[in-house]
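Fold and geometry: a report
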Amino acid sequence: MEMMIESYFNMHFYGYKPQSSESESESSSEEEVEEVDNREFPFDDDVFYINLKAPRAKTGWDNLPMEILIHIFEFIRPSDRNSAVLTCRRWFEAMRHPTFLNATCFHFERIEVNDDQSPIQVFLDSFRYFTNIKLTKVRFSGETDFWNYFGEHIREITFDNCALNKEKLDNILGTMPNLERLNIVDCDDLFKGWHPTGVGNVSVICYQLTHLGLRKINAVDESHLYYLVEMAPNISSLEISKCLKELEATKRVEILTHVLRILKLHRHQMKSVNFSYTMYDDLFLKQFAEIENMSLSNISLSFFERAPIKDPGIIDILQKHTHLVHLDLTSFLNLTDFALIAIAHSMPLLKTLKLNGCWLLTDFGIAEIQKLRKLTVLDLSDCDRVTDDGFLKAIVEQKRINMRELYLSMLPGITESVILKICLALNNLTVLDLCGSDCINDTSIQYVFCYLSRMQVLRLNGCVKISDAGLTGVELQRAAIEIWESQQTFSIDMLRGLQELQISGCFKVTDFALKQSFQLLELREVNLSHCVHITEEGIESMVKNCPSLESIDLSDCYHINDTCIDLICKHLPRISVLKLVRLPLLTIDSINSILANCKMLKNINLRGCSKLPRDAIDLLRKLHTLRNWPKY
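In this convention, every chain numbers its residues from 1, walking through the sequence in written order. Local features are withheld for residues below a pLDDT of 70 in this predicted model, meaning they are given only at 70 or higher, and side-chain atom pairs are given and counted only at 80 or more; totals for whole chains, interfaces and linings count all residues. To obtain the side-chain values, all non-hydrogen atoms of the structure were included, while hydrogens and water were left out.

1. Some details on the overall build of the protein chain
When helices and strands are tallied, the protein chain shows 25 helices and 23 strands. Throughout, exposure labels follow a simple rule: accessible area from a 1.4 Å probe, protein chains only, divided by the maximum for the residue type, with under 20% read as buried, over 50% as exposed, and the rest as partly exposed. In the protein chain, which comprises 632 residues, the proportion classed as buried is 50%. Working note: accessible area of the protein chain is about 30900 Å², and carbon and sulfur atoms make up 50% of it. Only DSSP runs of H or I with at least four residues qualify as helices, and only runs of E with at least two residues qualify as strands; both kinds are numbered from the N terminus onward. Residue-level accessible areas treat just the shown protein chains as cover; the underlying method is Shrake-Rupley with a 1.4 Å probe.

As structure tokens, this is what we get:
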């Protein structure tokens, strides 16, 4: 009998293969082949009743080639991978691939680095290595083998508000010969007690270090910068963001002058600079633009000072660096249409353009964005003067298959008619932010569900025109698509890959939408704050149909009671963030349910829950996974 290809595949999938010759079967070891007797097949096909006693081949998901298994894991998010590795040993081995280890950041918060205490004691017994470590509010006491044990594997480390001194910093960095990225955040005490002795006294050299980031630092001076940069002779990325705000003008100028010297000294290798939310003037930008032989690919700048209307420094920078791929000008308050024209005419390689809060831009400059053909990320939020005309010329008049992220929050000049054109021209979008926009209503949101099937992040906070009809497609006043007498509507559950949904303030949304359309298997974060009509009935349906939820915000939903919290805790084992602000019906029963069921909870906010007892905070502190102290 001739066997069909489909039948042969089904036999192979169910663990059967044809009998081999006697010589071949004798050479096969008993460990590799398992005999199976009288196995029944769930098919009515005579083909499957041949060779019922055939030896079973090792097939199935647990025996996939490692290359294929790793490739499959690349398509799922980290929390899903962490659950998948508990399935079998082979899947666990796949997670040890450098691709996944490098994408994992181990965050230590509010601990003491001591070999005799958890979690450091647990990590010292681990057989895995870690490439990215973040330390927040960590204290260092005495000697430890942790850095000697893991130091050679660490590629990136972040110190955030840590009790750190210069000697301890040198000792830690000295154990990391392969360190590539160093971030120091909100560590003013480190620099206040650090008095470098002079030039040439750098005790640690990190030859692989390419990125140096300083954030929320005000106590840094020229000697500190000199030491850190000398420690990284191959530096190519410099970040000084949210710094120097509390310094006097003369001291700030001295530090900025030294920053310019650093850029000039390393101009041939420098590729990225980030000076967002750091205080500087137009003269600094002029001098920055005058540095020769420096070809940057990433620039992030913010500007709050007065600048000359004619020939500002930002124009010189934009005309000089024509190979930019990433440009972030968020809160650059003096950015004009002429600067945007310079961007569009001189940066053909640009993929990311962020103009959030650039309120001087008008349709005249926005229309020039059409020349940026490789754009994948565009942020025009809070650009109040942008209207339909400028946006249509910039984006919609040509089909952009590369566009992935679009941020249009707080734009009063954009109307409903633009939404349909966005959906038709940018149908590969994965992130759409329309928070606070009047252009979104029950009809326009239907176009998003119909055409943007790849959507992963949808933010509609403050879009008060949205109701159950828009989210479900039921009882719409006007159908999204009408052809003759045929009408077609759409539902949010058509966005199969949706992972984040923000509908805070959409007070017309009720339990009906949650029961009818919240069947989103990939949804991990939802914000329902100020949706005052949501009750126990809707929460019960949502937690059963959205099993991947990790973060929920139910603030000011005053119908939420203890039963709702109990449903969340019992049906959502992955829940890690709960925001339950101003919920007057919550009692101690909610606390008990959280303690009994939430084994992965990291952040919780209970401020304004008037019926909770005062000892609720002490009870919640028993959760060792919590990263913040509860408030109410």
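Moving on from the coordinates now.
2. Re the packing of aromatic side chains
Given two aromatic rings, their pairing is described by the distance between the two centres and the angle made by the two planes. We call Phe, Tyr and Trp rings a pair once their centres come within 6.5 Å, taking the six-membered ring for Trp, and we label the pair stacked below 30 degrees between planes, edge-to-face above 60, and tilted otherwise. For the structure on display, the rule yields 21 aromatic pairs. Taking the centre distance of 4.3 Å and the plane angle of 65° together, the rings of F106 and F130 count as edge-to-face. Placement of the pair is F106 in strand β1 (residues 105-109) and F130 in the loop between α7 (120-124) and β3 (132-136), with a sequence separation of 24 residues. On the accessibility criterion, F130 (2% relative accessible area) is buried. Judged by centre distance (6.0 Å) and plane angle (85°), the rings of F108 and F146 are edge-to-face. Of this pair, F108 sits in strand β1 while F146 sits in helix α8 (residues 146-150), placing them 38 residues apart in sequence. Of the residues examined, F146 reaches a relative accessible area of 2% and is grouped as buried. These aromatic residues form a ring-pair network of at least three members: F106, F108, F123, F130, F146, W147, Y149 and F150.

3. A look at helix α19 (residues 442-451)
Every α-helix carries 3.6 residues per turn, so stepping three or four residues along brings you back to the same face. In terms of burial, α19 is largely enclosed, as eight of its ten residues are buried. Among all positions of α19, only D442, T443, S444, I445, Q446, Y447, V448 and F449 are buried. Lining the buried residues of α19 we find α18 (416-425), β15 (431-433), β16 (457-459) and α20 (468-472). Its side-chain oxygen 3.0 Å from the backbone nitrogen of T443, N441 forms the N-cap of α19. Contact criterion: two residues are considered in contact whenever any of their non-hydrogen atoms come within 4.5 Å of each other. A 3.5 Å cut-off defines polar contacts: any pair of N or O atoms within that distance qualifies, except that in protein one atom must be a possible hydrogen donor and the other a possible acceptor, and neighbouring residues in sequence count only when both atoms are side-chain atoms.

4. Side note on the nonpolar core
A general feature of soluble globular proteins is that nonpolar side chains tend to end up buried together. Take the buried Ala, Val, Leu, Ile, Met, Phe, Trp, Tyr and Cys residues and link them wherever side-chain atoms come within 4.5 Å; each set so joined is a nonpolar core. Ranked by internal contacts, the top residues of the largest apolar core, which has 178 residues, are I157, F159, L353, I369, F391 and L458. Setting aside its immediate chain neighbours within four residues, F391 contacts I366, L380, V386, V396, L406, L408, I414, V418 and I422. Of all hydrophobic cores here, the second largest spans ten residues; its members include L64, F73, W91 and F100.

5. Remarks on unusual backbone geometry
Even without being a glycine, N161 presents a positive backbone phi close to 55°. Relative to the assigned elements, N161 resides in the loop between β5 (156-160) and α9 (166-173). Taking the relative accessible area as the measure of exposure, N161 reaches 33% and is therefore partly exposed. A positive phi angle, close to 60°, is found at S331, a residue other than glycine. Take S331: it is sitting in the loop between β11 (326-328) and α15 (337-346). Residue class for S331 comes out buried when judged on its relative accessible area of 16%.

6. Quick word on the pattern of salt bridges
Salt bridges are defined as contacts in which a side-chain nitrogen from Lys or Arg sits within 4 Å of a carboxyl oxygen from Asp or Glu. In total, this model carries 20 salt bridges according to the counting rule given. Between E522 and R77 there is a salt bridge, and its shortest N-O distance comes to 3.4 Å. Of this pair, E522 sits in the loop between α21 (511-517) and β20 (525-527) while R77 is found in the loop between α3 (66-73) and α4 (78-84), placing the two residues 445 residues apart along the sequence. A salt bridge links K251 to E222, with the nearest nitrogen and oxygen atoms 3.3 Å apart. With a gap of 29 residues between them, K251 in helix α12 (residues 249-265) and E222 in helix α11 (residues 222-231) connect regions that are remote in the sequence. Accessibility expressed as a relative area gives 30% for K251, which makes it partly exposed. The partly exposed category is assigned to E222, whose relative accessible area is 22%.

7. Description of α15
With eight of ten residues buried, α15 is to be regarded as a mostly interior element. By the burial criterion, the buried members of α15 are D337, A339, L340, I341, A342, I343, A344 and S346. Against the buried residues of α15 lie α14 (313-320), β11, β12 (352-354) and α16 (363-366).

8. A few points about the side chain of E368
With respect to the helices, strands and loops of the structure, E368 is situated in the loop between α16 and β13 (377-379). Separated by 2.6 Å, the side chains of E368 and K371 make a polar contact. When near neighbours in sequence (up to four residues on either side) are disregarded, E368 contacts I341, A344 and H345.

9. Focus on the packing of α11 against α12
Here an axis means a line fitted to C-alpha atoms, over the contact stretch when the element is a helix, while the angle between two N-to-C directions is reported on a 0 to 180 degree scale. Running from N to C, α11 and α12 cross one another at 20°; their axes reach a closest spacing of 9 Å. Taken together, the axis directions place α11 and α12 in an arrangement best described as roughly parallel. Pair α11 / α12 crosses with right-handed handedness. Contacts from E222, L225, Y226 and V229 in α11 reach K251, E254, I255, H258, V259 and I262 in α12. In what follows, roughly perpendicular refers to angles from 65 to 115 degrees, roughly parallel to angles under 35, roughly antiparallel to angles over 145, and oblique to any angle outside these ranges. Each helix crossing is assigned a hand: it is left-handed if the near helix lies turned anticlockwise from the far helix by less than a right angle, otherwise right-handed if that turn is clockwise.

10. Points about the pairing of β1
In β1, alternate side chains face the same way, and those of F106 and F108 are buried while those of C105, H107 and E109 on the opposite face are not. Where β1 lies against β3, five bridges are found, and the strand directions are parallel. When the sheet's bridge partners are listed, F108 is paired in β3 with L135. Each pair of strands is called paired provided DSSP finds at least two bridges between the two strands.

11. Side note on the environment of Y451
Inspection of the secondary structure puts Y451 in helix α19. The spacing of Y451 and N428 is 23 residues in sequence and 9.0 Å in space, taken between C-alpha atoms. Non-local contacts of Y451, meaning those with residues more than four positions away in its chain, are made with L420, C423, L424, N427 and I481.

12. What to know about the environment of N428
Relative to the helices and strands, N428 is located in the loop between α18 and β15. Residues contacting N428, with those up to four places away along its chain left out, are I401, M403, R404 and R454. Side-chain polar atoms of N428 contact the backbone oxygen of I401, separated by 3.0 Å.

13. Brief notes about the confidence of the model for the protein chain
Of the residues in the protein chain, 88% reach a pLDDT of 70 or more, and the chain-wide mean stands at 86. Predicted confidence for residues 1-54 stays below pLDDT 50, and this span has 63 contacts to residues more than four positions away or in other chains. A residue's pLDDT is simply how confident the predictor is in it, with values from 0 to 100.

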